[in-house]
Amino acid sequence: MLSALNAFFSTFSPSRLSILFEISFLLHKTKFGYPPVHPKQKQHTDLKMTNHAVNGEENKTLMNGEAKAEPETFGQFLYNREKGTVLGRTGTSWCQITVFYIIFYIFLSAFFVGCLAIFLRTLDPKVPRFYGKGTIIGVNPGVGYQPWLKENPDSTLIKFNLQDSKTWEPYVKQLDLYLSKYQNTNETRDCGVGDNNGALETDPDTYPCRFDLTPFDKANCGAKDQYGFKSGKPCVAVSLNRLIGWRPVDFDGNSVPEEIKGRYKPGSITINCEGATSFDKEHLGKVKYVPESGIDGRYYPYVFIPSYQQPIAMVKFETIPRNKLVIVECRAYALNIEHDISTRLGMVYFELFVEDKKPVAIPVS
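Residues numbered from 1 in each chain as written. Predicted model: local features only at pLDDT ≥ 70, side-chain atom pairs only at ≥ 80, totals over all residues. Heavy atoms only, no water.

K.L.:
What am I meant to see in the side chain of Q309 here?
P.N.:
Among the secondary structure elements, Q309 is positioned in the loop between β8 (295-296) and β9 (313-317). The exposure class assigned to Q309 is buried, which follows from its relative accessible area of 3%. From its side chain, Q309 meets the backbone oxygen of N184 in a polar contact 3.0 Å long. At a separation of 2.7 Å, a polar atom in the side chain of Q309 contacts the main-chain amide nitrogen of F211. Excluding its chain neighbours within four sequence positions, the residues that come into contact with Q309 are K181, Y182, N184, T185, T188, C209, R210, F211 and Y299. (Helix = DSSP H or I, 4+ residues; strand = E, 2+ residues; numbered from the N terminus. Buried < 20%, exposed > 50% of the residue type's maximum accessible area, 1.4 Å probe, protein only. Polar contact = N/O pair within 3.5 Å; in protein donor to acceptor, adjacent residues only side chain to side chain. Contact = heavy atoms within 4.5 Å.)

K.L.:
For this particular structure, what's the right way to read a nonpolar patch on the surface?
P.N.:
Taken together, the side chains of F74, F77, L78, Y79, V86, L87 and W94 define a hydrophobic patch exposed on the protein surface, amounting to about 660 Å² of accessible area. Element by element, the count of residues in the nonpolar patch is highest for helix α4 (residues 74-78), at 3 residues. Of the residues examined, F74 reaches a relative accessible area of 61% and is grouped as exposed. (Patch = residues over 30% accessible without salt bridge, like charges linked within 9 Å, V, L, I, M, F, W, Y side chains within 5 Å. Areas by Shrake-Rupley, 256 points an atom, 1.4 Å probe, with all protein chains shown as cover. Salt bridge = Lys/Arg side-chain N within 4 Å of Asp/Glu carboxyl O.)

K.L.:
I would appreciate a short explanation of the nonpolar core in the present structure.
P.N.:
Soluble, globular proteins show a tendency: their nonpolar side chains are buried together. Among the nonpolar cores identified, the biggest contains 57 residues, and F229, L240, I271, F317, V328 and F350 are the most heavily contacted of them. Discounting residues that sit within four places of it in the chain, F350 has contacts with Y145, T156, I158, V236, F317, V326, I327, V328 and C330. The next biggest cluster of nonpolar side chains, apart from the first, holds 5 residues, and it includes F251, V256, Y264 and Y333. (Core = buried A, V, L, I, M, F, W, Y, C linked by side-chain atoms within 4.5 Å.)

K.L.:
I would appreciate a short explanation of the sheet that holds strand β3 (residues 143-146) in the present structure.
P.N.:
Reading across from one edge, β3-β5-β9-β7 is the order of the 4 strands in this open sheet, with antiparallel pairing throughout. At either end of the open sheet lies a strand with only one pairing partner, and these are β3 and β7 (287-290). Strand-to-strand twist in this sheet, taken as the mean axis angle between neighbours without regard to direction, amounts to 25 degrees. Direction of pairing for β3 relative to strand β5 (residues 235-240): antiparallel, over a ladder of 4 bridges. Across the sheet, residue Y145 finds its bridge partner in β5, namely V238. (Pairing = 2+ DSSP bridges. Axes fitted to C-alpha atoms, helices over the stretch in contact; angles between N-to-C directions.)

K.L.:
Help me out: how do you make sense of helix α6 (residues 169-179) in this one?
P.N.:
Each α-helix winds once per 3.6 residues, and so residues spaced three or four apart point in a common direction. Buried within α6 we find Y171, V172, Q174, L175, Y178 and L179. Looking straight down α6, one finds that the buried residues subtend no more than 160 degrees of arc, so they occupy a single side. Counted as exposed and oriented over 90 degrees from the buried face of α6: K173 and L177. Each element contacted by the buried residues of α6 is listed here: β3, β4 (157-161), β5 and β9. (Arc of directions from axis to C-beta.)

K.L.:
Would you take a moment to explain the environment of W94 for this structure?
P.N.:
Within the element layout of this structure, W94 appears in helix α5 (residues 91-121). Taking the relative accessible area as the measure of exposure, W94 reaches 32% and is therefore partly exposed.

K.L.:
Teacher, can you tell me more about the sheet that holds β4 here?
P.N.:
Two orientations exist for strands paired in a sheet by backbone hydrogen bonds: parallel and antiparallel. With mixed pairing, the 5 strands of this open sheet are ordered in space as β4-β11-β10-β6-β8. The open sheet is flanked by β4 and β8, the only strands paired with a single partner. With 6 bridges connecting them, strand β6 (residues 268-275) and strand β10 (residues 325-333) associate as antiparallel partners. Directly across from G275, in β10, lies its bridge partner V328.

K.L.:
Would you mind going over the environment of K159 with me for this structure?
P.N.:
Within the fold, K159 resides in strand β4. Separated by 12 residues in sequence, K159 and Y171 place their C-alpha atoms 9.3 Å apart. Ignoring sequence-local partners within four residues, the contact set of K159 consists of T167, Y171, F353 and E355.

K.L.:
It is not clear to me how the packing of aromatic side chains should be interpreted in this structure. Could you clarify?
P.N.:
The relation between two aromatic rings is expressed through the spacing of the ring centres and the mutual angle of the planes. Tallying each qualifying case throughout the model produces 15 aromatic pairs. Between F104 and Y105 the ring centres are 5.2 Å apart and the planes differ by 75 degrees, which places this aromatic pair in the edge-to-face class. Look at F104 and you get partly exposed, because its relative accessible area is 38%. You can call Y105 partly exposed: its relative accessible area is 46%. (Phe/Tyr/Trp six-rings, centres within 6.5 Å; stacked < 30°, edge-to-face > 60°.)

Following this line, the structure appears as structure tokens:
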């Protein structure tokens, strides 16, 4: 029996067995309508399905986020025990970034200090880098006045009550403070007629001219008379802004403005004060100038010296009306001083209000 079977199968070679298997496959497909699963094809199909399932799981994870890690909480951001991080960084990372920024800011500071040192070496402590014509400083001096209370810097109102000494005390103290700098006469010199500060520009050993306050005392515009506030005749100090190298240029004989013709003196800057409007001009009253010619020009030019004493003039309002507000416009006159109302070049405005009434008692609570 076995010998008969071996003889039967020995008649089929591998190629013949393959042909018989293909014929059997075709007959099976014809009979049942679908092919049987080929062993190799089944193995390939199983592998494909496995790969598809794996890829499906990956896509499912990527698209639906089912396998995404949980977001880190704020507490974990501050300190994560599992990762060993503080504020998202490990100890090593914190050390590295700290060392980096220390070195970075050391170099940055050194660069800044070096640039600042180079810049400061190009500056002159006595003269601005840019001044004169065509600069923001310009060549036209401005006009200032005192008393100007620093406690209320935006106000140009000088208001006091003749029957209440406390109302004019702040103005008297401000003028005392402003004029106290003239008490120091060290490193100054007496300048006679024809003398000036012109040598200051060429000779660094020359002392500036000493400014004398005696004319103000004689006109009752000194400290002993409380600058006229006590008597209702307030005195206002007028000065020019300091411009290095500036000095007044004299008017020609026929070019002196009409408003200063009777008081103008060559070599000086004449001051003239009027009411700002027709109403103010009517009520301003008599005005006295100390000295009459204005600011003495021998104290120019201005040079940056600690002992330099700036010249001023006093304007005394002798008949200022009571209980009326008067707006005053004061102008400085020299050939090289321009006047511009819009920018207030060469002029200054302030208000005077002299009250004469009994002070209102403040009830005690």
